[in-house]
Protein chains: 4
Amino acid sequence: MSLEESFQSVRNHSLYLCSHLITEDYSLQASEEVSPPKWHLAHTTWFFEQFILVPNDPEYVVKHPQFNFLFNSYYNSLGARTARNQRGLMSRPSVDEVKLYRAYVDEAMLRLIQKNIPAIQELVILGINHEQQHQELLITDLKFSLWHNPLNPVVMDISEYRAEQESNWVSVEAGVYEIGYEGNDFCYDNELNVHKVYINDFSISSALVTNGEYAEFIQAGGYEDPKYWHDEGWSWVKELEVKAPLYWEEQNGDWYYYTLNGLKAIDKNASVAHVNFYEASAFAAWKGLRLPTEFEWEVAQNLFEWGKRWEWTNSAYLPYPGFTVAAGAIGEYNGKFMVNQMVLRGASVATSEGHSRPTYRNFFHPQYRWQFMGIRLAKSL
Amino acid sequence: MSLEESFQSVRNHSLYLCSHLITEDYSLQASEEVSPPKWHLAHTTWFFEQFILVPNDPEYVVKHPQFNFLFNSYYNSLGARTARNQRGLMSRPSVDEVKLYRAYVDEAMLRLIQKNIPAIQELVILGINHEQQHQELLITDLKFSLWHNPLNPVVMDISEYRAEQESNWVSVEAGVYEIGYEGNDFCYDNELNVHKVYINDFSISSALVTNGEYAEFIQAGGYEDPKYWHDEGWSWVKELEVKAPLYWEEQNGDWYYYTLNGLKAIDKNASVAHVNFYEASAFAAWKGLRLPTEFEWEVAQNLFEWGKRWEWTNSAYLPYPGFTVAAGAIGEYNGKFMVNQMVLRGASVATSEGHSRPTYRNFFHPQYRWQFMGIRLAKSL
Amino acid sequence: MSLEESFQSVRNHSLYLCSHLITEDYSLQASEEVSPPKWHLAHTTWFFEQFILVPNDPEYVVKHPQFNFLFNSYYNSLGARTARNQRGLMSRPSVDEVKLYRAYVDEAMLRLIQKNIPAIQELVILGINHEQQHQELLITDLKFSLWHNPLNPVVMDISEYRAEQESNWVSVEAGVYEIGYEGNDFCYDNELNVHKVYINDFSISSALVTNGEYAEFIQAGGYEDPKYWHDEGWSWVKELEVKAPLYWEEQNGDWYYYTLNGLKAIDKNASVAHVNFYEASAFAAWKGLRLPTEFEWEVAQNLFEWGKRWEWTNSAYLPYPGFTVAAGAIGEYNGKFMVNQMVLRGASVATSEGHSRPTYRNFFHPQYRWQFMGIRLAKSL
Amino acid sequence: MSLEESFQSVRNHSLYLCSHLITEDYSLQASEEVSPPKWHLAHTTWFFEQFILVPNDPEYVVKHPQFNFLFNSYYNSLGARTARNQRGLMSRPSVDEVKLYRAYVDEAMLRLIQKNIPAIQELVILGINHEQQHQELLITDLKFSLWHNPLNPVVMDISEYRAEQESNWVSVEAGVYEIGYEGNDFCYDNELNVHKVYINDFSISSALVTNGEYAEFIQAGGYEDPKYWHDEGWSWVKELEVKAPLYWEEQNGDWYYYTLNGLKAIDKNASVAHVNFYEASAFAAWKGLRLPTEFEWEVAQNLFEWGKRWEWTNSAYLPYPGFTVAAGAIGEYNGKFMVNQMVLRGASVATSEGHSRPTYRNFFHPQYRWQFMGIRLAKSL
């Protein structure tokens, strides 16, 4: 696929994800952490406008002078931001205006792409990857917001994932391994540089933990015994009176969960999702096992199937040796988040096609659950 | 106007107020205290359905079983409520569905009204007044929500009010006066019963305080000197770093304010609005004057023009002698709010026609400013 | 008793109240609303130093330049304040140093009092009354702080109050009555001026509500039914999961309460205490009755015994006609609190001797319970 | 030194640290994170009583049945806890009673130690190390609490630390190194097991950053430019309006800091202290350098002087390979805190003698500053 085709395909996919939304859905923002679909559609467009068209196309006229203010995210160096928790209040510009903005920017982008300027092509690839990241967030943010509606809206068919493999332990021998991205395709700065890591003998499960296994943990009183939990995890359980993964609810003794396809009885054989790091760790402790490190995961990943659940690791999100921050606004991308977050490896049912690889490092604060986060167990030998 | 005509006129007016809204605007809720336009349209409809159609029309079929849950407000006795601060998250039902709900209920209501049953007619009048109250809130809530948008949306032309009268002092002699509603038309329970109040000699200003006069208070450092303020008012000023009425902003030394007609330079001759009780009291103290009591206001109200600004009084919202709470859900209407609120008298530019009278008691917590609240001064003699 | 004797008697009484405290108790501050005993001892001393000695005695040398900063309370006009919620952190000056400060100021005060200067005598009387107010707070603040200690400390014997009178209804006829303090003794500015109030026919109970009667309200589900409660009261009950008055706890089906004399089984015949305005109002509503207004109370007070419980009225704390704020720092005394508070009439078991009269207006926010607040019922006729 | 002598020496040292306190100081708790001196004295005693005497000495009678409740800390498995932020409210038991409690337990402990039972000796060593940890906290908690007092109390002489070495870069070659404690003396479970880590070429500074160097960072606008900060660090700076390390204050253009010996002008040649991880990282970024990892620090530690400042590393606090949690209450010790905290290496001026070693892993949340935390810089080669 040419860069032009990739660009068009990814841009179309964002709109495709919204096919079943009504206008009112585009503004939903149920918490500060999530953003409305309209904002995702606009922000990804602004990224192309601000970082590619404005600096590189002297004939380009910005669509609206205030869009920079409205659709900026965390790029402090580019100026004041709209309060993050008020994105849902931006009824104007309308959904239609945002779609026109997309079309306007796309047209200018396509003209620019056709000039085949290498430095720009690299930026376009970054913009495409940026939009793919937001496609996943669009789906998961929307799920979180719609869940607040007692009518259980149906907007998308994201099927559950059932492992086809039998669960078994695969082992890796101790030694020095190479970690990090090596190749000529796109990767983020946080996957660089390739470096050596010493890893001890370990085994890792070929299968993800299922809803059924997780329900046993609940049934066994897992949420009532502090001994399985981090101190902070236990405070989180007590303060919010947590009893199950996000989206689960009990009705007459049976567990149901909200999906983008409506409320469903849980599928015991499907992989559990929407657990946070505290829950993943507590489940592992209950089993007498542990989560893998991100290095163990990367070394073993070709020994099992992955790609439907982001998998919590017991590695904090920290820079690789020799990591440096790129100059300018784009340089803010990753390094500034390297504290208090845990690494997730893999990808999920909401990840856009082509947006996963073995070295990809996703990261979230330990308390968050609204991504399709799952659990894979490991043990030291 | 017949009851049927009144009903239709009021119902149409709610939709008329929304003529210039785009679909996205109907869901805006910028704080817990305000509700989205869609919710106002649905809640007022639900009131007719729940309190009139369901108990009185055996053939009536409720439009949707969950609307009772979604569009209930503070009527605890009718069951669980949707969290008040999440009304903006209810993207479904859509605006169109809510409009169909209105039409469906209106049709059933009109059939019922035509039966001329006195007990029902009384309830219809209550429902009409209830909807008129929500019409005012729809306007003021919307103003508050749209103000958060840096694009300063234009949706309605509510003109500023300039007093035509000269400002002068009108005096009332001490004595026992009658307070409260007496007559055969509609009034709320909190206006009853007529009772005697002893009032001392006082004077009251024939004119409301203007933006120009209020700007002088700002200029003189009124927001920087605790001696004019209630202790709570001063805490409010310091904590929120308040420097002017709601919606005012300074640009290069000049004051502007957001109106439903966009951002405007302030009109110095127009009556000030969007001040809270603390500000109204501090302004009065700075002038060496005071706010009138609600009884003084009611006794003097035929001596001056009023109706464009709700006017803060120095009376707490408390029951009149012999006040009793009506049985059932409608009985929750007023008594339960009789603590920590101050009475406002008059009406405002956002008040629906026919929804004001000299005995009407509006009430808000002292910190709120989003209604068209103004200041009229008084003094003891 | 001469002014000199009064001064000495009141000053000694503050120390007497602390007879059974250990040094550690003097610093306790369990919430922002309460102050430590040491602070009360120092602040009342500072009042004499700052408002009487410094302006009137040219030879007086302030004890310590920073005490003005440390022991000031809400007198904004005198300069910066120590954060109110950090009074418990002031381990220095020590209790012994504060006692020396008291002795030092007392000596200077006695020299000044002996000069018999009328203007100063008036200020001394204000200072004495100020200290008596703080004596009551010292007791009730200490009770609140000590209650947090699972060891249930015993520090003072404040006996329970049992009414000796039978409970019956006493009635008052409608008419214009005079309200407010008239005489030559001390009163606060908020009791002035004498003015006329029109009162309707009413009856008032000669007895206070007892613990036994209040326990019936609890037993009958009073804390579970919103229909008895103000909207704000109900939110308070739900948010804090309130089930009984402050200091009550259930053990195996029986009610106990913490007293300054340790944990005791409740005395069913004693008057209930430590209920807030919401609870007092809800209890009255459950009985089909109401609280009296402060005017009704003042007019009827000679018809019943009072003085052991501050009695909630249904009157908001507002200025009497013609109320004016005195110039200077002392002028901040009362007017600045005239919003969002309810009037209590009477006095309590913690009130110092000589510090009560029929026109005394105490006031607290509706949610507070840590004073000895009780309930007297009334009804319209 | 015999175990008996060590025990007595450490127990005495806790009291020695309090030599200059007045009774009122023992109860100070200025935030939830710090504990009062009295609590530290009692909690360390309770540890010996609860974990050694109660299970091992059948004749031992607990001093007071409620002390278990009052002086427990985070050991959830032992039962309910007093709310952590209310330790300052426990005026009873008094300081004197706590000292008697210490003497009572010490006597019983000495009898038990003299029996020379190996399993108990191991527990005694744990208890001694536990008390030494609390000695450091006693000092740093007290400093934090006393700092709130405008009188700048003087209670202890902890001198500033000036490096004697010249600052230069020392380098370490890449390779596999062994990390973790190996030996027969005491260490915590989090220092185990010895394991291999691959480390890249790096250099590390032989000297700590000084107050003078840090003042240059402030002067250069370091607290005003987001580009040096983690995203969370920048939020922390903005929300709390941070402008300098904890305890620093500017007076007429000069910097002073509060020390346990009173307020002092900063010593520019002394090592900076009381900076958090965000500040340490931002300073390093401003210098174009970075913090070392805990593994780099451990490998290089014999090449420089350390022991006066806890040194922030860029390593998250995570388990070493093969880490397992011990059974029972003591097992809660370390593993439960292994999330959202960063490792500090070294020791500080407040660390008790004999309580430091090259493999010791201290850990705090990134925002905390009240320990003597300093900065050592590193760079990749």
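Throughout, residues of each chain are indexed from 1 in the direction in which the sequence is written. Written order determines the labels here, with chains lettered from A and ligands numbered from 1. Residue-level local features of this predicted model are given only where pLDDT is at least 70; pairs of side-chain atoms are given and counted only at 80 or more, and the full residue set underlies all totals for whole chains, interfaces and linings. Side-chain metrics in this entry use all non-hydrogen atoms of the structure; hydrogen atoms and water are not considered.

### Digging into the packing of aromatic side chains
All names here are of chain A.
Consideration 1: Aromatic contacts are taken between Phe, Tyr and Trp rings whose centres are within 6.5 Å, Trp giving its six-membered ring; a plane angle under 30 degrees counts as stacked, one over 60 as edge-to-face, and the others as tilted. Applying the stated criterion to the full structure yields 140 aromatic pairs over all chains.
Consideration 2: Residues Phe-283 and Trp-286 carry aromatic rings whose centres are separated by 5.7 Å and whose planes lie at 50° to one another, so their mutual orientation is tilted. Highlighted residues: Phe-283 and Trp-286, both in helix 8 (residues 277–286), separated by three residues, approximately one helical turn.
Consideration 3: To sort residues, take the accessible area from a 1.4 Å probe on protein chains only and compare it with the maximum for the residue type: under 20% means buried, over 50% means exposed, and anything in between is partly exposed. Judged by relative accessible area, Trp-286 falls into the partly exposed class, the value being 24%. By definition, any uninterrupted DSSP run of H or I lasting at least four residues is a helix, any uninterrupted run of E lasting at least two residues is a strand, and each is numbered from the N terminus.

### So, the interface of chain C and chain B
Consideration 1: Between chain C and chain B, the contact holds 31 residues from the first and 32 residues from the second.
Consideration 2: Here the quantity called buried area is the total loss of accessible area, with a 1.4 Å probe, experienced by two parts when brought into contact, counted for both. Between chain C and chain B, a total of about 2400 Å² is buried, with carbon and sulfur atoms accounting for 56% of that surface.
Consideration 3: Any carboxyl oxygen of Asp or Glu that lies within 4 Å of a side-chain nitrogen of Lys or Arg is treated as forming a salt bridge with it. Here chain C and chain B share two salt bridges between them.
Consideration 4: The closest approach of N and O atoms between Lys336(C) and Asp231(B), which form a salt bridge, is 4.0 Å.
Consideration 5: Of all the elements in the fold, those that place two or more residues in the side of chain C that touches chain B are strand 3 (195–199), helix 7 (231–240), helix 8 (277–286) and strand 8 (310–316) of chain C. Contacts are residue-level and defined by heavy atoms, with any inter-residue pair within 4.5 Å sufficient.

### As for the sheet that holds strand 11 (residues 373–374) of chain C
One key point about sheets: their strands pair by backbone hydrogen bonds, in either a parallel or an antiparallel sense.
All names here are of chain C.
Consideration 1: A pair of strands is treated as paired once DSSP finds two or more bridges between them. One open sheet holds the four strands; their spatial order is 10-9-8-11, and the pairing between them is mixed. The sheet terminates laterally at strand 10 (362–364) and strand 11, the two strands that pair on one side only.
Consideration 2: Judged from the four bridges that link them, strand 8 and strand 9 (residues 342–346) form a sheet pairing that is antiparallel. Bridged to Glu-311 within strand 9 is Arg-345.

### A short note on unusual backbone geometry
Consideration 1: At the junction of Leu192(A) and Asn193(A), the peptide bond is cis and its omega measures out at -5° in the coordinates.
Consideration 2: By secondary structure assignment, the location of Asn193(A) is in the loop between strand 2 (175–179) and strand 3 (195–199).
Consideration 3: With a phi angle near 65°, His274(C) is a residue other than glycine that sits in the positive phi range.
Consideration 4: With respect to the helices and strands, His274(C) occurs in the loop between strand 7 (262–265) and helix 8.

### As for the relation of the copies chain B and chain A
Consideration 1: For this overlay, a least-squares fit was computed on C-alpha atoms, restricted to residues scoring pLDDT of at least 70 in both copies. Relative to chain A, chain B is turned by 180° and slid 0.0 Å along the rotation axis, the superposed coordinates differing by an RMSD of 0.0 Å. Such values leave the two copies arranged in the relation of a two-fold axis. Across chain B, the rotation axis passes nearest the C-alpha of Glu24(B), at a separation of 2.9 Å.
Consideration 2: The fraction of interface residues of chain B whose copies in chain A are also interface residues reaches 100%, indicating that both copies meet through the same surface.

### Regarding the pattern of salt bridges
Consideration 1: For the structure on display, the rule yields 60 salt bridges over all chains.
Consideration 2: Of the charged contacts in the structure, one is a salt bridge between Arg11(C) and Glu131(C), with a shortest N-O distance of 2.7 Å. In this pair, Arg11(C) is assigned in helix 1 (residues 3–17) and Glu131(C) in helix 5 (residues 118–146), connecting sequence segments 120 residues apart.
Consideration 3: For Arg11(C), a relative accessible area of 2% translates into the label buried.
Consideration 4: Assessed through its relative accessible area of 0%, Glu131(C) is described here as buried.
Consideration 5: A salt bridge links Arg102(D) to Glu131(D); the shortest N-O distance between them is 2.8 Å. A residue pair is termed long-range when its members are at least 10 positions apart, and Arg102(D) in helix 4 (residues 95–113) and Glu131(D) in helix 5 (residues 118–146) qualify at 29 residues.
Consideration 6: Overall, the relative accessible area of 2% leaves Arg102(D) in the buried class.
Consideration 7: One salt-bridge network, held together by shared partners, links Arg11(A), Arg102(A), Asp106(A) and Glu131(A).

### What to know about the domain arrangement of chain A
Size of an interface, as often reported, equals the accessible area lost when the parts are brought together.
All names here are of chain A.
Consideration 1: Residue ranges for the domains trace back to a domain assignment, done automatically or taken from a database. For chain A, the domain assignment lists domain 1 (3–147) and domain 2 (169–380).
Consideration 2: Of note, the centres of domain 1 and domain 2, computed from C-alpha atoms alone, are 27 Å apart.
Consideration 3: Across the boundary between the two partners, domain 1 contributes 27 residues, which contact 26 residues of domain 2.
Consideration 4: Together domain 1 and domain 2 conceal approximately 2600 Å² of surface at their shared face, both sides included; 63% is due to carbon and sulfur atoms.
Consideration 5: Broken down by element, the residue count for the side of domain 1 that touches domain 2 peaks at 17 residues, all from helix 5 (residues 118–146).
Consideration 6: Polar here means any residue other than Ala, Val, Leu, Ile, Met, Phe, Trp, Tyr, Cys and Pro, which are nonpolar, and Asp, Glu, Lys and Arg, which are charged; Gly is therefore polar. In the side of domain 1 that touches domain 2, the residues fall into 14 nonpolar, nine polar and four charged.

### Here we look at the sheet that holds strand 11 (residues 373–374) of chain A
Residue and element names in this part refer to chain A.
Consideration 1: Across the sheet, which stays open at both edges, the four strands sit in the order 10-9-8-11 with mixed pairing between neighbours. The strands lining the two open edges of the sheet, one partner per strand, are strand 10 (362–364) and strand 11.
Consideration 2: Where strand 8 (residues 310–316) and strand 11 come together, two bridges link them in parallel fashion. Directly across from Trp-310, in strand 11, lies its bridge partner Met-373.

### A few points about the pairing of strand 8 (residues 310–316) of chain D
Consideration 1: Counting buried positions along strand 8 of chain D yields seven of seven residues, so the element is predominantly enclosed.
Consideration 2: Here strand 8 of chain D shows two buried faces, one formed by Trp310(D), Trp312(D), Asn314(D) and Ala316(D) and the other by Glu311(D), Thr313(D) and Ser315(D).

### Topic: the interface of chain B and chain A
Consideration 1: Contacts between the two partners involve 31 residues from chain B and, on the opposite side, 31 residues from chain A.
Consideration 2: Around 2400 Å² of area is buried between chain B and chain A when both sides are counted, 63% of it from carbon and sulfur atoms.
Consideration 3: Three residues, Glu24(B), Leu89(B) and Arg92(B), lead the burial of chain B against chain A; their summed loss comes to 30% of the area buried on that side.
Consideration 4: On inspection of chain B and its partner chain A, the count reaches two salt bridges.
Consideration 5: Two residues, Arg92(B) and Asp25(A), come together in a salt bridge whose shortest N-O distance is 2.6 Å.
Consideration 6: Any pair of nitrogen or oxygen atoms within 3.5 Å is treated as a polar contact; in protein, a donor-acceptor pairing is required on top of that, and neighbouring residues in sequence qualify only through side-chain atoms on both sides. Across the chain B-chain A interface, the total number found is nine residue pairs in polar contact (both at pLDDT 80 or more).
Consideration 7: Partitioning the side of chain B that touches chain A into residue classes produces 15 nonpolar, 12 polar and four charged.

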